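The residues making up each chain are set out below.
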Amino acid sequence: MTSRNQTLFEESQRLIPGGVNSPVRAFKSVGGSPLFFTRGQGAYVWDADGKRYIDYVESWGPMIVGHCHPDVVKAVQDAAAQGLGFGAPTEAELEMAELLCKLLPSLEMVRLVSSGTEATMTAIRLARGFTGRSRIIKFEGCYHGHSDGLLVKAGSGALTFGQPSSSGVPADIAALTTVLDYNDAAGLERTFAEMGDEIAAVIVEPVAGNMNLILPKREFLDAMRALCTKHGAVLILDEVMSGFRVGLQGAHGHFGIKPDLLTLGKVMGGGLPAAAFGGRRDIMQCLAPLGPVYQAGTLSGNPVAVAAGLATLNLIQASGFYDRLTQTAKQMTDGLRASAAKHGIPFSAQSIGSMFGVYFSKQPPTSYAEIMACDKEAFNRFFHAMLDEGVYLAPSAYEAGFVSAAHTEADVAATIAAADKIFAGW
Ligand code: KE4
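About the criteria used
Residues numbered from 1 in each chain as written. Predicted model: local features only at pLDDT ≥ 70, side-chain atom pairs only at ≥ 80, totals over all residues. Heavy atoms only, no water. Pairing = 2+ DSSP bridges. Helix = DSSP H or I, 4+ residues; strand = E, 2+ residues; numbered from the N terminus. Axes fitted to C-alpha atoms, helices over the stretch in contact; angles between N-to-C directions. Expected span 1.5 Å × (residues − 1). Buried < 20%, exposed > 50% of the residue type's maximum accessible area, 1.4 Å probe, protein only. 1 Å grid on protein atoms, 1.4 Å probe; cavity = no way out; pocket = protein on both sides within 12 Å on 5 of 7 lines; lining within 4 Å. Points joined across faces, edges and corners; volume = space filled by probe spheres on them. Nonpolar A, V, L, I, M, F, W, Y, C, P; charged D, E, K, R; others polar. Near = heavy atom within 4 Å. Areas by Shrake-Rupley, 256 points an atom, 1.4 Å probe, with all protein chains shown as cover. Domains from an automatic or database assignment. Contact = heavy atoms within 4.5 Å. Salt bridge = Lys/Arg side-chain N within 4 Å of Asp/Glu carboxyl O. Core = buried A, V, L, I, M, F, W, Y, C linked by side-chain atoms within 4.5 Å.

Colleague: Is there a simple way to explain the sheet that holds strand β9 (residues 261-264) in this structure?
Modeller: The strands making up a sheet associate through backbone hydrogen bonding, with each pair oriented either parallel or antiparallel. Across the sheet, seven strands lie side by side as β4-β10-β9-β8-β7-β5-β6; this open sheet has mixed pairing. Both edges of this open sheet fall to β4 (109-113) and β6 (177-180), since each of them pairs with a single strand only. Adjacent strand axes in the sheet meet at a mean angle of 20°, parallel and antiparallel pairs treated alike. As judged from the four bridges shared by strand β5 (residues 135-139) and β6, these two strands associate in the parallel manner. Bridging from a neighbouring strand, I136 pairs with T177 of β6.

What follows is the structure, encoded as structure tokens:
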């Protein structure tokens, strides 16, 4: 019998390119037909055939308190009952700005937008307006949304489909983006020595999650900060994914590196479209209506999305919240690693805060090249086998995974048991 998922996918493909509204959902790199979800509750999601999965994708990061947390749902219902949007300032936006600047001291000012792409695109424009320079530096495998200048050797869906540099981006724009190797401090130093006074900004995921999970080397982060300061370039830390995921102060708080601009998203919207960029007051004051750098958005600061974000950010401040999340992620990756070792399978796994990565390689990769050397076919086979066991991992070997406050020890044990059964028959 054809599954409801397959029927919906076939019908969707007639009207929606690839049948999806965001490419990485299409299961193209793992094969098979994407799942259409009908419901989420806590750590679980249900597909159109009524099958339940333990969810480690969590809408690609936002659902850190679990799906449909009652506090978040109530906040959304209460806000919606007052109005779905005004295109005018609301007190909730001031509350969100105050909370973000309290939680993240590097934010002297902040502006809300509706997606991570808007946040990073504007941060780049702001850096160019502030410095009067055009060149930007990014790192291969990092993904910062789909604005033209950043779709050059990008990660996430672009990498997943083997098209890290999108067509449709004018060569003149792509030529202003210099792409270096993640964790290569020497390469960064050489580039600044050659063209330091041309560089408007360096943009980086301080913990990379779009080429699977790659942890930063200390000297890489330190070099980046020092070089940007020395040459007057703007350091943009893109924490759309790692923000509030690595810890309450994101990766930059965890590693103690101060950005000039910071981009946020996902968790701060609680699953609804809210994102932000912010940082140094002298840079942010270049923004319209104060300064000459234009940026705008009909839905920016939407009161219903902000309500979901405020409720989520309130919950994550609970005492011990990140200790428990970090423990959950570590328990899970330790268990997977132990099971693979028992069955003699070249596999590794690691976690930081509530983010984790699983790899079919002997050691966790530390660079894009090492990620590309992992056994992708083995990952795809593992992905589908785990799906059969009711465990939903990201449908790509190039994405990080996430645990939530709703994942219990029983969920972790069931996940490890599922992997052990698969590895036993590998
Ligand atoms: P959005 O425009 O998708 O809200 O955010 C873009 C973005 C910017 N920066 C980082 C570090 C990101 O991870 C993202 C978006 N992440 C992907 C998942 N790896 C979103 C999923 C998708 O593209 O459907």
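Past the structure itself, the notes keep going.
Colleague: It is not clear to me how helix α8 (residues 218-231) should be interpreted in this structure. Could you clarify?
Modeller: Counting along an α-helix, one turn takes 3.6 residues, and residues three or four places apart therefore face a common direction. Over its 14 residues, α8 runs 20 Å from end to end, which matches the ideal 20 Å to within 8%, given 1.5 Å per residue. Turning to α8, its buried residues are F220, L221, A223, M224, R225, L227 and C228. Positive phi appears at G232, one or two residues downstream of α8, with a value of about 70°.

Colleague: What is the right way to read empty space enclosed by the protein from this model?
Modeller: Unoccupied space between atoms shows up once a probe the size of one water molecule is rolled over them. If you walk through the whole model with that rule in mind, you get two cavities of 30 Å³ or more. For the lining of the largest cavity, the elements supplying multiple residues, two or more each, are β12 (355-359) and α14 (376-388). When grouped by side-chain class, the residues that make up the lining of the largest cavity number eight nonpolar, one polar and two charged. Each pocket or cavity is described by its volume, and for the second largest cavity that value is around 70 Å³. As for the second largest cavity, its lining consists of Y56, N212, F356, V358, F379, L393, A394, S396, E399, A400 and G401. Considered class by class, the residues forming the lining of the second largest cavity number seven nonpolar, three polar and one charged.

Colleague: Help me understand the site of the ligand in this model?
Modeller: Taken together, 17 residues lie near the ligand, and S22, T117, N210, D238 and E399 sit nearest. Bound to the protein, the ligand loses 87% of the 540 Å² it would expose on its own. Of the residues assigned to the shell around the ligand, the class counts are five nonpolar, eight polar and four charged. Domain assignment of the residues forming the shell around the ligand places at least three in each of domain 1 (4-64 + 319-424) and domain 2 (70-315).

Colleague: Quick question: what am I supposed to make of the sheet that holds strand β14 (residues 401-402) here?
Modeller: Strands sit in the order β11-β12-β14 across an open sheet of three strands; the sheet is antiparallel. If you trace the sheet from one side to the other, it starts and ends with β11 (348-352) and β14, each paired once. Docked against the sheet, helix α12 (residues 321-342) engages β11 and β12, running at close to 175° with respect to β11.

Colleague: Would you take a moment to explain the pattern of salt bridges for this structure?
Modeller: Between side chains of opposite charge, pairing is possible as soon as their charged atoms come close. Within the structure shown, the criterion is met by 11 salt bridges. Between K74 and D78 there is a salt bridge whose closest N-O contact spans 2.5 Å. Of this pair, K74 and D78 are both found in helix α2 (residues 70-82), four residues apart, which corresponds to roughly one turn of the helix. Across the salt bridge formed by K421 and E389, the nearest N and O atoms sit 2.8 Å from each other. Residue K421 is found in helix α15 (residues 409-424), and its partner E389 is found in the loop between α14 and β13 (391-392); the two are separated by 32 residues along the sequence. One salt-bridge network, in which partners are shared between bridges, spans R225, D260, R280 and D282.

Colleague: Whenever I open this one, the environment of M284 confuses me. Can you help?
Modeller: Along the chain, the position of M284 falls in helix α10 (residues 281-284). For M284, a relative accessible area of 5% puts it in the buried group. When the C-alpha positions of M284 and S166 are compared, they lie 30 Å apart, and in sequence the two are 118 residues distant. Ignoring sequence-local partners within four residues, the contact set of M284 consists of M109, V110, R111, L126, L261, F277, G278 and G279.

Colleague: Would you mind showing me how to read the nonpolar core here?
Modeller: Across soluble globular proteins, nonpolar side chains show a tendency to be buried alongside one another. Judged by nonpolar contacts, the single largest core of 116 residues is most densely connected at L100, F139, F244 and M268. The greatest single-element share of this core, amounting to nine residues, is contributed by helix α11 (residues 303-315). Each of two domains, domain 1 (4-64 + 319-424) and domain 2 (70-315), supplies a minimum of three residues to this core. Beyond its immediate stretch of four places on either side in the chain, M268 contacts M96, L100, L112, F244, A274, A275, A276, G309 and L313. In terms of nonpolar packing, the next biggest core, distinct from the first, is built from 20 residues, A119, I124, L287 and V293 among them.

Colleague: Can you walk me through the layout of surface pockets in this structure?
Modeller: Estimates place the volume of the second largest pocket at around 270 Å³. Together, E93, L94, A97, V110, R111, L112, A288, P289, Q295, A296, G297 and S300 line the second largest pocket. Going through the elements one at a time, α3 (91-103) and β4 are the ones with two or more residues in the lining of the second largest pocket. Classifying every residue of the lining of the second largest pocket by side-chain character gives seven nonpolar, three polar and two charged.

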